[in-house]
Structure formats: structure tokens, C-alpha cells
Amino acid sequence: KAGVTQTPRYLIKTRGQQVTLSCSPISGHRSVSWYQQTPGQGLQFLFEYFSETQRNKGNFPGRFSGRQFSNSRSEMNVSTLELGDSALYLCASSLEGRGHTEAFFGQGTRLTVV
Amino acid sequence: AQTVTQSQPEMSVQEAETVTLSCTYDTSESDYYLFWYKQPPSRQMILVIRQEAYKQQNATENRFSVNFQKAAKSFSLKISDSQLGDAAMYFCAYRRGAGGTSYGKLTFGQGTILTVHP
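## Structural notes on the interface of chain A and chain B
Size of an interface, as often reported, equals the accessible area lost when the parts are brought together. With 23 residues of chain A at the contact, the number on the chain B side is 20 residues. Contact between chain A and chain B buries roughly 2000 Å² in total, counting both sides, with carbon and sulfur atoms accounting for 47%. Connecting chain A to chain B are 1 salt bridge. For the salt bridge of Arg50 of chain B with Glu102 of chain A, the shortest nitrogen-to-oxygen distance reads 3.0 Å. Inspection of the region where chain A meets chain B yields 5 residue pairs in polar contact (both at pLDDT 80 or more). The set of elements that each furnish at least two residues to the side of chain A that touches chain B consists of strand E4 (31-38), strand E5 (42-50), strand E6 (53-57) and strand E9 (87-94) of chain A. For the side of chain A that touches chain B, the per-class residue count stands at 7 nonpolar, 10 polar and 6 charged.

## Re the sheet that holds strand E7 (residues 64-68) of chain A
Strand pairing in a sheet relies on backbone hydrogen bonds. The paired strands run either parallel or antiparallel. Residues and elements named next belong to chain A. The 4 strands lie next to each other as E1-E3-E8-E7, forming an open sheet whose pairing is antiparallel. A strand with exactly one partner marks an edge of an open sheet, and here the two such strands are strand E1 (5-7) and E7. Between one strand and the next, the sheet's axes are offset by a mean angle of 20°, whatever the strand orientation. In the sheet, E1 pairs with strand E3 (residues 19-24) via 3 bridges, with the strands oriented antiparallel. What sits directly across from Thr7, in E3, is Ser22.

## What to know about the pairing of E4 of chain A
Residues and elements named next belong to chain A. With respect to burial, E4 is a largely interior element, 8 of its 8 residues being buried. Judged by which residues are buried, E4 turns out to be covered on both faces: Ser31, Ser33, Tyr35 and Gln37 on one side and Val32, Trp34, Gln36 and Thr38 on the other are all buried. Sheet analysis places E4 next to E5, joined by 8 bridges and oriented antiparallel. What sits directly across from Tyr35, in E5, is Phe45. Connecting E4 to the antiparallel partner E5 that follows it, the hairpin turn spans 3 residues.

## Some thoughts on the packing of aromatic side chains
Under the definition given, this model contains 15 aromatic pairs over all chains. Consider the rings of Phe91 of chain B and Phe108 of chain B, whose centres lie 6.1 Å apart with planes at 85°: the pair is edge-to-face. Of this pair, Phe91 of chain B sits in strand E10 (residues 88-96) while Phe108 of chain B sits in strand E11 (residues 106-108), and the two are 17 residues apart along the sequence. Across the pair, Phe108 of chain B and Phe91 of chain B agree in class, each one buried. Three or more aromatic residues joined by ring pairs form one cluster here, namely Tyr35, Phe45 and Phe105 of chain A together with Phe35, Tyr37, Phe91 and Phe108 of chain B. Here the guanidinium or amino end of Arg55 of chain A rests over the ring plane of Phe50 of chain A, the centre of that ring lying 4.5 Å away.

## Considering the pairing of E10 of chain B
Residue and element names in this part refer to chain B. Of all 9 residues in E10, 7 are buried; the element is thus mostly enclosed. Here strand E5 (residues 32-39) runs beside E10; their pairing, made up of 8 bridges, is antiparallel. Each residue of the ladder has a partner; that of Lys38, found in E10, is Tyr90. Summarising the sheet, E10 and strand E12 (residues 112-117) pair through 3 bridges and their orientation is antiparallel. Each bridged residue has a counterpart across the sheet, and for Ala88 the counterpart in E12 is Leu114.

Reading the values: rules and limits
- Residues numbered from 1 in each chain as written.
- Chains lettered and ligands numbered in written order.
- Predicted model: local features only at pLDDT ≥ 70, side-chain atom pairs only at ≥ 80, totals over all residues.
- Heavy atoms only, no water.
- Contact = heavy atoms within 4.5 Å.
- Buried area = accessible area lost by both parts, 1.4 Å probe.
- Salt bridge = Lys/Arg side-chain N within 4 Å of Asp/Glu carboxyl O.
- Polar contact = N/O pair within 3.5 Å; in protein donor to acceptor, adjacent residues only side chain to side chain.
- Helix = DSSP H or I, 4+ residues; strand = E, 2+ residues; numbered from the N terminus.
- Nonpolar A, V, L, I, M, F, W, Y, C, P; charged D, E, K, R; others polar.
- Pairing = 2+ DSSP bridges.
- Axes fitted to C-alpha atoms, helices over the stretch in contact; angles between N-to-C directions.
- Buried < 20%, exposed > 50% of the residue type's maximum accessible area, 1.4 Å probe, protein only.
- Phe/Tyr/Trp six-rings, centres within 6.5 Å; stacked < 30°, edge-to-face > 60°.
- Lys NZ or Arg CZ within 6 Å of the ring centre and 35° of its normal.

This is the structure we're talking about:
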């Protein structure tokens, strides 16, 4: 069974541009969450999607948005990039239900804003 | 809001020895899950072990075990017979139980860098 796939693995963007990151969850997983990891702030929750609906949202500005498609694949978009958006962006997928609480992570997308 | 605290930024251990990583959390919920994740230099987050709050028995996975003290809100990870491959950043994480609006959200601690000396 394929794991969580994130593309691209690396990105370099210029301040002011926008970027879209993609995440393909494990087959059958309908919950997809996104996290930002930086040395200063650690791992911070961005948002979670379940069955194409945003179920949870972290404390990030509106420049950060996402969506989920009917096949559970998710995209995250950041508009008007700032230098501080440079980070590792991690996507995780999981099943629902009491017996399925683990989140499985992708390898991340390393975004550098210059 | 739930918070997770790892008070040890760095730890080191000799190969084959035992090391314990500390984690405390704060929550008003009674139904939740706790996890330890490992992040090696490859940056892939790997689940090490999980604990359901409603279970009193401490979880064990091979050389990894936890000491779950629910009343004290403490969740430490013990690594026995440490191996060079255990070297990584370790994160403690909290997830609310089913039914809560933040069900899918993981709250992470700051992480502990574990170094294993040969």
C-alpha cells in the first residue's frame, strides 16, 4: 500500500508569489491534515479536511488555504508569500474511528521563500 | 486549549543503554490519545507508539514503552537497548478523542533531539 505522497519535495519561490502544494493520502483515508514545521515555532497545525470539507483550522492568516477533492487528495495554497513562510510543510492522512487514530505523514515539501 | 510540553531539548544515550524522554500535557478532555513520533534527518515523521487515555495499561512496542500517568498528565517514552538508528528528533503529540470538533488535529510538543553514541 502506497504511503502519503507529497509533491513537490522542494520549492523555491519569490516573496509575493503564490504556491500550491499537493498531498495524496493513503488509499481509503478520508482525513487529511496539514502542518507547518519551522525551527522557531515547531510543528503547527494548519487545517484538516474530511470528505471535501474543512473540519478544523489552525491559527494562520487567510493567505493559507486548502481544499480536498472527491478522491481525498488535498492541496494547500499560500498566496502573497512572505519570507516567514519558509518551512517544511507536512501532510498527514488518517482513517476515522476509535481504532484508527494514527496519522501517517508524507515526507513533506520544503518551501524556501527568497 | 490543549498544550504539550517537552522539557528536554536534547538528550544523549550510549548504544545499548536505556533513555527516557519526558512529556507533559494539559487538557480538560477525558477522551484523548497520545503519541510519540520520531523524525529522523530524512524529515519523515514515523509513529513510534500510541496510548489511549481510557487504557490504564502502558503501551509497549518492542524496545519502546511508555509510562502514562493520567492524573499527573505525564507521558514519557522509554527506549531500551538504544541503537544508532534511534537517533532522531522525537515529538510527543496529543489528539482529542472521537466526537470533538478538533478530532483530526494533532498538537505537538517542541521535540527532543536524541543522540546515540556508539
